[in-house]
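# Coordinate analysis (summary)
Chain residues, written in single-letter form:
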Amino acid sequence: TGTVWCVDNSCEQLEMARSSALDGELTNVRFLESSADTIGLPADSIDMTYCRFLLDHLTDPGAAIEQMRRILKPRGVLVTETIDFTGMTSDPPQPVYVREIEHMREMSEQRGVDAGSGLKVHRLYRSSGFTHVNVSLNQPAYLTGEGKHFWEYSIAESANIMVSLGLATVSEVQQRLCEMRQVNLDDSILVALPRSVQVWARK
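Definitions and cut-offs
Residues numbered from 1 in each chain as written. Predicted model: local features only at pLDDT ≥ 70, side-chain atom pairs only at ≥ 80, totals over all residues. Heavy atoms only, no water. 1 Å grid on protein atoms, 1.4 Å probe; cavity = no way out; pocket = protein on both sides within 12 Å on 5 of 7 lines; lining within 4 Å. Points joined across faces, edges and corners; volume = space filled by probe spheres on them. Helix = DSSP H or I, 4+ residues; strand = E, 2+ residues; numbered from the N terminus. Nonpolar A, V, L, I, M, F, W, Y, C, P; charged D, E, K, R; others polar.

The space that makes up the largest pocket amounts to roughly 1100 Å³. Along the wall of the largest pocket there are 34 residues; nearest its centre are V7, D8, Y50, C51 and L54. If you list the elements that add at least two residues to the lining of the largest pocket, you get β1 (4-8), α1 (11-23), β3 (46-52) and α2 (61-71). The dominant element in the lining of the largest pocket, judged by the number of residues it contributes, is β3, at seven residues. Here the residues of the lining of the largest pocket sort into 19 nonpolar, 10 polar and five charged. Looking at the second largest pocket, its volume works out to about 780 Å³. Lining the second largest pocket are 26 residues, with H57, F85, F150, W151 and S154 positioned closest to its centre. Elements supplying a minimum of two residues to the lining of the second largest pocket: α3 (95-111) and α5 (150-164). The leading source of residues in the lining of the second largest pocket is α5, at eight residues. For the lining of the second largest pocket, the per-class residue count stands at 13 nonpolar, seven polar and six charged.

What is shown is where atoms sit, not what they do.
Below you can see the structure in the form of structure tokens.
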């Protein structure tokens, strides 16, 4: 009986969401093209606000949290999930995964964001006025299987961006992918992917 607002600053993403809602015959979903730091919804109007893997892409995640708190009703709940890229590791330690953390730091700095922001989000909650803040961590780890290749696939997908930012050459990206694939196919090596940090609090 309630209404769900889907908010994004990308009209392309909103069109995909509209299509998904139509496919699911969901009639209570509304769509709003808006930036996270200037959400165009009234104050004290929303029961729960949720975002996943958004804050780690923003140069000012605190402004987004303040906006999400603003639109919450009294006693409303804010839930966020953020990636902490610096938590990725392997055992026995593999140089390619050690280097990946440094690559992520460099790439994040180029974009003006923090690769390790996930573990710091709880501070932003408190700064915006939340008091009783909750935190939970989730870190997938694999010896075998498709999930172990997640970061390998992520690098392949972002290769063009890394090259355009001058963070790597095409041959360097190919070498990284080759080294990572060798590790990921070795079932004696444990790979722990970046941590997902869930934070929630009531207004």
